[in-house]
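Descriptive structure summary
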Amino acid sequence: MNIGAKLKELRVLKGLTQEELADRSELSKGFISQLERNLTSPSIATLTDILQCLGTTLGEFFNETPEEQIVFGKADYFEKYDTDLKNEIKWIIPNAQKNVMEPILLTLEAGGSTYPDNPHEGEEFGYVLQGAVSIHIGNRIYKAKKGESFYFVSDKKHFLTSKAGASILWVSSPPSF
């Protein structure tokens, strides 16, 4: 595991500069820089303090489970053309045809976001019709733009934001509104 790169990823995800993280964790900016470049290693206590400032724990930080795919593009779509009916079906989320979902249309104004949704049972799906969105799931952020879709299980706090505005088709199962 590349501890330095992972610390930098978390810091950037939280929108912090090295100096801001150093201030919050009562360390020097130089030390944070050295950590991120793997020039030094932190003690367990120091790493715990840094991770607390970044909103995570040692367990979450060192969790090596492969990250599930959240955003899907055209290369991920499954297409079927029915020559008899002369129609085309596109599954824009792999294996999504097995789920029962209730769609809603959501428009985000520039700088807007959806209300934070607490963890709950179910699934969330979206297709970006216009613009781009950031999908916040737990302490991670994923980007999706026009023509891309996203899918995730609703077991972590989640919400969407858009800097310039976006229109998306949002599907939630079971509906949480």
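Below you will find a few notes about this structure. Keep in mind that this is a model prediction, so the values were computed, not measured.

**Thoughts on the packing of helix α2 (residues 18–25) against helix α3 (residues 29–36)**
Packing of α2 against α3 brings their axes to within 8 Å, and their N-to-C directions diverge by 110°. By the angle between their directions, the pair α2 and α3 is classed as roughly perpendicular. The handedness of the crossing between α2 and α3 comes out as right-handed. On α3, the residues touching Gln18, Glu19, Leu21, Ala22 and Ser25 of α2 are Lys29, Ile32, Ser33 and Glu36. For the contact of α2 with α3, the residue count by class is three nonpolar, three polar and three charged.

**Considering the pattern of salt bridges**
Under the criterion given, the structure shown has three salt bridges. One salt bridge connects Arg11 with Glu36, and the closest N-O pair in it is separated by 2.5 Å. Placement of Arg11 in helix α1 (residues 3–13) and of Glu36 in helix α3 is noted, with a sequence separation of 25 residues between them. Per residue, the accessibility class of Arg11 equals that of Glu36, and both read buried.

**A look at the environment of Ile32**
In this fold, Ile32 is placed in helix α3. Note on Ile32: relative accessible area 2%, which makes it buried. Sequence separation between Ile32 and Thr17 is 15 residues, and the spatial gap between their C-alpha atoms is 9.9 Å. Each residue touching Ile32, except ones within four places of it in the same chain, is listed here: Gln18, Leu21, Ala22, Ser25, Leu27 and Ile50.

**With respect to the packing of aromatic side chains**
Following the criterion strictly, the structure yields three aromatic pairs and no others. Ring centres 5.0 Å apart and planes at 90° place the aromatic pair Phe61 and Phe62 in the edge-to-face group. A relative accessible area of 1% places Phe61 in the buried class. A relative accessible area of 36% places Phe62 in the partly exposed class. Here the aromatic rings of Phe150 and Phe152 are separated by 6.4 Å at their centres, their planes lie at 15°, and the arrangement is stacked. Across the pair, exposure class does not vary: Phe150 and Phe152 are buried alike. For Lys6, the ring lying beneath its charged end belongs to Phe61, and the centroid distance is 5.1 Å.

Each value, and the rule that gives it
Throughout this description, residue numbers start from 1 for each chain and increase along the sequence as written. Residues qualify for local features only when their pLDDT is at least 70, as the model is predicted, and side-chain atom pairs are given and counted only at 80 or more; totals for whole chains, interfaces and linings, by contrast, use all residues. Side-chain numbers come from the whole structure's heavy atoms, not from hydrogens or water. Axis angles are defined between N-to-C directions and span 0 to 180 degrees, where every axis is a line fitted to C-alpha atoms and, for a helix, only to the segment in contact. Counting from the N terminus, the helices are DSSP H or I runs at least four residues long and the strands are E runs at least two residues long. Each angle is binned into one of four classes, with values under 35 degrees roughly parallel, values over 145 roughly antiparallel, values of 65 to 115 roughly perpendicular, and all other values oblique. The sense of a crossing depends on the near helix, which, turned anticlockwise from the far helix by less than a right angle, makes the crossing left-handed and, turned clockwise, makes it right-handed. Residues are treated as being in contact if the distance between any of their heavy atoms lies within 4.5 Å. Note on residue categories: nonpolar means Ala, Val, Leu, Ile, Met, Phe, Trp, Tyr, Cys or Pro, charged means Asp, Glu, Lys or Arg, and polar means any other residue, Gly included. What counts as a salt bridge is simple: a side-chain nitrogen of Lys or Arg found within 4 Å of a carboxyl oxygen of Asp or Glu. Only protein chains enter the calculation, and the probe is 1.4 Å; a residue is then buried if its accessible area is under 20% of its type maximum, exposed if over 50%, and partly exposed in between. Ring pairs shown here join Phe, Tyr and Trp side chains whose ring centres sit within 6.5 Å, with only the six-membered ring taken for Trp; geometry is labelled stacked below 30 degrees between planes, edge-to-face above 60, and tilted in between. Here, a charge over a ring means that NZ of Lys or CZ of Arg falls within 6 Å of the ring centre while also lying within 35 degrees of the ring normal.

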